[in-house]
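Descriptive structure summary
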Amino acid sequence: MPFAKPTDEAAIRVVLSAPRSSTYVTAAGGDTAKAMSLYGWNARVAAALMLPSHFAEVATRNAVSDALTAVYGARWPWNTTFEQSLPAPKGPAYNPQRDLLQTRKREHTTGKVIAELKFAFWQSMFTARHDVRVWDQQILTLFPNAAGKTAPQLRSRIYGDLEGIRKLRNRVAHHEPIFTRNLADDLARMLDLVELRSTATAQWVRAMEEVSTILTEQP
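Each chain carries its own residue numbering, running from 1 in the direction its sequence is written. With pLDDT at 70 or above as the cut-off, local features in this predicted model cover only qualifying residues; side-chain atom pairs require 80 or more to be listed or tallied, and sums for whole chains, interfaces and linings still use all residues. Side-chain metrics rest on all non-hydrogen atoms present in the structure, leaving aside hydrogens and water.

Remarks on helix α3 (residues 32–72)
For the record, the criterion: Numbering of helices and strands starts at the N terminus; helices are DSSP runs of H or I of at least 4 residues and strands are runs of E of at least 2. A helix is expected to reach a length of 1.5 Å times the quantity of its residues less one. To get the bend at any residue, fit one axis to the seven residues that end at it and another to the seven that begin at it, then take the angle between the two axes. Two N or O atoms count as a polar contact when they lie within 3.5 Å, although within protein this holds only if one can serve as hydrogen donor and the other as acceptor, and sequence-adjacent residues are included solely when both atoms are side-chain atoms.
If you check α3, its first and last C-alpha atoms are 57 Å apart, about what 41 residues at 1.5 Å a residue would give, namely 60 Å. At proline 52, α3 shows its maximal kink, close to 30°. The N-capping residue of α3, defined by a side-chain oxygen 3.1 Å from the backbone nitrogen of alanine 33, is aspartate 31. Immediately downstream of α3, the backbone of glycine 73 shows phi near 95°, a positive value.

Concerning the nonpolar core
This is how the line gets drawn: Buried Ala, Val, Leu, Ile, Met, Phe, Trp, Tyr and Cys residues form a nonpolar core when they are joined through side-chain atoms within 4.5 Å. For each residue, the accessible area found with a 1.4 Å probe, counting protein chains only, is set against the maximum for its type, and the residue is called buried under 20%, exposed over 50%, and partly exposed in between. It only takes one pair of heavy atoms within 4.5 Å for two residues to be counted as in contact.
Within the largest apolar cluster, 58 residues are counted, with the highest numbers of intra-cluster contacts made by Trp76, Phe82, Phe126, Phe143 and Ile158. Here this core takes 16 residues from α3, the largest share from any one element. Among residues more than four places away in sequence, those in contact with phenylalanine 82 are Leu68, Tyr72, Trp76, Leu100, Phe121 and Met125.

Re unusual backbone geometry
The backbone of histidine 175 shows a phi angle near 55°, a positive value even though the residue is not glycine. Here histidine 175 is to be found in the loop between α10 (151–173) and α11 (183–197).

Here's the deal with the packing of α11 against helix α12 (residues 199–208)
Rules: Working convention: axes come from line fits to C-alpha atoms, limited for helices to the stretch in contact. Angles between N-to-C directions cover 0 to 180 degrees. Each angle gets one of four labels, with under 35 degrees taken as roughly parallel, over 145 as roughly antiparallel, 65 to 115 as roughly perpendicular, and the rest as oblique. In the scheme used here, Gly and all other residues not listed as nonpolar or charged are polar, with Ala, Val, Leu, Ile, Met, Phe, Trp, Tyr, Cys and Pro taken as nonpolar and Asp, Glu, Lys and Arg as charged.
With their axes 6 Å apart at the nearest point, α11 and α12 run at an angle of 150° to one another. When the axes of α11 and α12 are compared, the pair comes out roughly antiparallel. Touching Leu191, Asp192, Val194 and Glu195 of α11 are Thr199, Thr201, Ala202, Val205 and Arg206, all from α12. Class assignment for the residues of the contact of α11 with α12 results in 4 nonpolar, 2 polar and 3 charged.

Let's talk about the packing of aromatic side chains
The condition is simple: A pair of aromatic rings is counted whenever rings of Phe, Tyr or Trp (Trp by its six-membered ring) have centres within 6.5 Å, and the orientation is called stacked for planes under 30 degrees apart, edge-to-face for over 60 and tilted otherwise. Remark: a charge is flagged as sitting over a ring if the NZ atom of Lys or the CZ atom of Arg is within 6 Å of the ring centre and within 35 degrees of the ring normal.
Applying the stated rule across the entire model yields 9 aromatic pairs. On the numbers, 5.2 Å between centres and 90° between planes, the contact of phenylalanine 121 with tryptophan 122 is edge-to-face. Tryptophan 122 carries the same exposure label as phenylalanine 121, and that label is buried. Between the NZ or CZ atom of arginine 75 and the centre of the ring of tryptophan 78, over which it lies, the distance is 3.8 Å.

Some details on the pattern of salt bridges
Opposite charge on two side chains allows them to pair when their charged atoms are near. The line we're drawing: For salt bridges, the criterion is a side-chain nitrogen of Lys or Arg within 4 Å of an Asp or Glu carboxyl oxygen.
Counting across every chain of the model gives 15 salt bridges. With its nearest N and O atoms 3.4 Å apart, the salt bridge here joins arginine 61 to glutamate 57. Within this pair, arginine 61 and its partner glutamate 57 are both found in helix α3, separated by 4 residues, close to a single helical turn. Neither residue differs from the other here; arginine 61 and glutamate 57 are each classed as buried. Between arginine 206 and glutamate 195 there is a salt bridge; the shortest N-O distance is 3.1 Å. Of this pair, arginine 206 sits in helix α12 while glutamate 195 sits in helix α11, and the two are 11 residues apart along the sequence. Put simply, Arg157, Asp161, Arg181, Asp186 and Arg189 are held in one network by salt bridges that share partners.

Keep in mind these numbers describe shape, not what the thing actually does.
Have a look at this one:
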């Protein structure tokens, strides 16, 4: 993802719109050229963060699926007991039970359901309501590199890590500024989550990710 210097900042601002670019102009102290460089850098680092985010999500949701399979069987998305264990809040709040029901209605294999459930579903699985049935006997095995943590501590930590990743991903998905975040911490959170599951996978992701390099190039 190479750096490219903008050649016509005024024309680019028209395309991006003044409201969208104003955040960057303000951050650059009114320097339009620097603002457009910052915009480009923000887009580059946002794109680069998707790779470690990808692995963090896939590693986590597959661990959840393994845990659910052990308790409810390979067809866990269709298990009535599991369905009823999920919260179903009314109103605009995210509803894990509804997400599962709607997804399994469209998809007909466990693998397809796993791929289509929202990120928030996987995060919602790391709440205390699932400790006794799902996590207390499994989480330390499924995330074997969490030395010194109890099952509830690890489950709570993973929930917090997923919350940070979820908020970042939402900003990236909506092309929002992320340059004011501590992106080094965001990257570390993703890599650490993969590491909890698999050292070999984490080493591979560290070798591929470009976020660390792009962070050193911030205008």
